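Examination of the molecular architecture
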Amino acid sequence: VYAETVNLMYQIDIDKKDPRRNEIGKPAFLGATYGQTPEGLAEKEGITLDEATDMQERFWKVFPESAKWCEKQRQKKNYVETAAGRRCWLNPYREADNERNALNSPHQGLGADMKKKALAAIYFNWKFDCPFGVVHENHDEIVLDVPEELAPEIAKYVQYWMEKVGNEMTPGVSHVAQAKICSNWLEGK
């Protein structure tokens, strides 16, 4: 999504290996949809205020419906919802954080909803000749400890369920999960 954001904003054709994906696409996409100001973007990315303003203006020009969604979210005072319909309550005692949380919670909450559903699907469909191998989960990551000889098949299985759940929960958005087989958790990063 970050490479495609750059392509649309600047009318160019880059892929996800191009450094502009992370230098421009990711901060433009996340900054805009999470409520970052041009000043905050300039400071975080080490660019001029003019560059940050141009980046955000280009983003909103390409994604005008996102601008409308963000403005609607900013008006929320009690709760926001994920695409799955789960409510994320806004703290009435921390009103200064509510705008950012109203923008952020639907994104992060949907990711959490997807991961929980994927974990349930992985568990309830487990047919491998070994115990259920999930030992850790964090954000969009599921870590399993399984016998080495089953690792390739289980990796495909977990990838299948993560993608299937994501695609079912957000029709029209194509989800891709990556599976890595490692001898320790640090290698998976």
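Preceding this paragraph is the structure being described.
These numbers were taken from a predicted model, which means no experiment stands behind them. (Residues numbered from 1 in each chain as written. Predicted model: local features only at pLDDT ≥ 70, side-chain atom pairs only at ≥ 80, totals over all residues. Heavy atoms only, no water.)

**Focus: unusual backbone geometry**
Heads up, the rule is: In this scheme, a residue with accessible area under 20% of its type's maximum is buried, one over 50% is exposed, and one in between is partly exposed, where area comes from a 1.4 Å probe on protein chains only.
Despite not being glycine, Gln11 has its phi angle at roughly 55 degrees, a positive value. Exposure remark for Gln11: the relative accessible area of 66% places this residue in the exposed category.

**Let's talk about the environment of Glu153**
Short version of the rule: Strands are runs of DSSP state E lasting at least two residues, helices are runs of H or I lasting at least four, and both sets are numbered from the N terminus onward.
Residue position: Glu153 is located in helix α7 (residues 151–169). For the pair Glu153 and Glu81, spaced 72 residues apart in the sequence, the C-alpha separation amounts to 36 Å.

**Describing the pairing of strand β3 (residues 134–138)**
Put simply, the test is: Strand pairing requires that DSSP identify at least two bridges connecting the strands.
Both β3 and strand β4 (residues 141–144) contribute to a ladder of 4 bridges, which runs antiparallel. Bridge assignment links His136 to a residue of β4, and that residue is Val143. Turn length for the β3-β4 hairpin, with the two strands adjacent in sequence and antiparallel, is 2 residues, and the turn residue His139 shows positive phi of about 50 degrees.

**Some details on the pattern of salt bridges**
Going by this rule: One side-chain nitrogen of Lys or Arg within 4 Å of one carboxyl oxygen of Asp or Glu is enough to make a salt bridge.
Inspection of every chain in the model, using the stated rule, returns 12 salt bridges. A salt bridge links Glu65 to Lys68; its shortest N-O distance comes to 3.1 Å. Of the two residues, Glu65 and Lys68 are both situated in helix α5 (residues 64–74); the distance of 3 residues between them amounts to about one turn of the helix. The same class applies to Glu65 as to Lys68, namely exposed.

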